[in-house]
Amino acid sequence: MGDEGVKNEAMEIMSLFQVLPRLVVFDLDYTLWPFYCECRSKREMPSLYPHAKGILYALKDKGANLAIASRSPTPDIANTFLDKLEIKPMFVAQEIFSSWTHKTEHFQRINRRTGIPYNEMLFFDDEDRNIEAVSKMGVTSILVRNGVNLGALRQGLTKFTQNLDSLERNKQRWKNFSRKSSSSERDQS
Ligand SMILES: [Mg+2]
């Protein structure tokens, strides 16, 4: 399936969901491309996972913002590759730096830069510890095993919708609870 075919399928998947994330954040190594860019030379021509480009284009078409969160120790190589792949202008934020935190610092910066709340973000990464740390911040986070693909996109949007629903339910519960407690306060007085 070419980029166009993947894009069309991704558009179809997205049309099944009422609410889409405002920002979709991608790791680079083993998420968008199948290698560690620190082990490669800037002179090489990199390639993405087969579904990556189609998915990026579809998200963009649907109005989602895109960003990168990478702990690569070689941001210069990563940037050269993003340039060569002609996808660099698609991202509203690119946080590429090595860090002892599991990307919480990357997401704080992305949040500051875009003003988009964590619960309106969706994140794809191939490392458990990043997924764990970032999902604790309230970001819907999906572990990918063979890079980002249509299956991961569908899984991500499903989980995003579930998280949104439970957030809504909790808000409702809290409203009911505070209404009840204020009326019982009235009863006592
Ligand atoms: Mg990675």
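This structure is a prediction, so every number in the text was calculated from the model and none was measured.

## Notes on the overall build of the protein chain
A count of helical and extended segments in the protein chain gives six helices and five strands. From first element to last, N terminus to C terminus, the protein chain shows the α and β order α-β-α-β-α-β-α-β-α-β-α. When the backbone C-alpha atoms are referred to their principal axes, the protein chain occupies close to 75 × 40 × 25 Å. Within the protein chain, the fraction of its 189 residues that count as buried is 33%. Here the contacts in the protein chain between residues at least 6 apart in sequence split such that 69% fall between residues at least 24 apart.

## Side note on the nonpolar core
Among the nonpolar cores identified, the biggest contains 41 residues, and V25, I55, F123 and V148 are the most heavily contacted of them. Top element by residues in this core is helix 2 (residues 52-61). It accounts for five residues. Discounting residues that sit within four places of it in the chain, V25 has contacts with A67, A69, I110, M121 and F123.

## Focus: the pairing of strand 4 (residues 121-125)
Counting buried positions along strand 4 gives five out of five residues, so the element sits mostly inside the fold. Every second residue of strand 4 is oriented toward a common face, with M121, F123 and D125 on one face and L122 and F124 on the other, all of them buried. Here strand 1 (residues 23-26) runs beside strand 4; their pairing, made up of four bridges, is parallel. Across the sheet, V25 pairs through a bridge with F123, a residue of strand 4. In this sheet, strand 5 (residues 140-143) lies alongside strand 4 in parallel orientation, the contact comprising four bridges.

## Focus on the sheet that holds strand 1
Reading across the sheet, the five strands line up as 3-2-1-4-5 and stay open at both edges, with parallel pairing between neighbours. Strands at the two margins of the open sheet, each flanked by one partner only, are strand 3 (91-96) and strand 5. Between one strand axis and the next, the sheet turns through 15° on average, direction left out of account. Across four bridges, the pairing between strand 1 and strand 2 (residues 65-70) is parallel. Bridging from a neighbouring strand, L23 pairs with N65 of strand 2.

## A word on helix 5 (residues 128-136)
Looking only at helix 5, the buried set comprises N130, I131 and V134. The buried residues of helix 5 all sit within an arc of 100° when viewed along its axis, so they share a single face. Turned more than 90 degrees away from the buried face of helix 5, the exposed residues are D128, R129, E132 and K136. Looking at the buried residues of helix 5, the elements they touch are helix 4 (104-114), strand 4 and strand 5.

## Things to note about helix 2
Most of helix 2 is tucked away: seven of the 10 residues are buried. For helix 2, the complete set of buried residues consists of A52, K53, G54, I55, L56, A58 and L59. Looking one or two places after helix 2, you find G63, whose phi comes out positive at around 90°.

Each value, and the rule that gives it
Counting restarts for each chain, with residues numbered from 1 along the sequence as it is written. Two thresholds apply to this predicted model, a pLDDT of at least 70 for residue-level local features and 80 or more for giving and counting side-chain atom pairs, whereas whole-chain, interface and lining totals are computed over all residues. Secondary structure elements are taken from DSSP: a helix is a run of H or I of four residues or more, a strand is a run of E of two residues or more, and numbering for both begins at the N terminus. Note on burial: count the other C-beta atoms lying within 10 Å of the residue's C-beta; 20 or more is buried, 12 or fewer is exposed, in between is partly exposed, and C-beta positions come from the backbone. Any residue pair is listed as a contact if its two C-beta atoms, each placed from the backbone, are within 7 Å. The term nonpolar core means buried Ala, Val, Leu, Ile, Met, Phe, Trp, Tyr and Cys residues held together as one set by C-beta atoms within 7 Å. Any two strands with at least two DSSP-identified bridges between them are counted as paired. Lines are fitted to the C-alpha atoms to define the axes, a helix being fitted only along its stretch in contact, and any angle between axes, read from their N-to-C directions, falls within 0 to 180 degrees. Directions from the helix axis toward the C-beta atoms define the arc.

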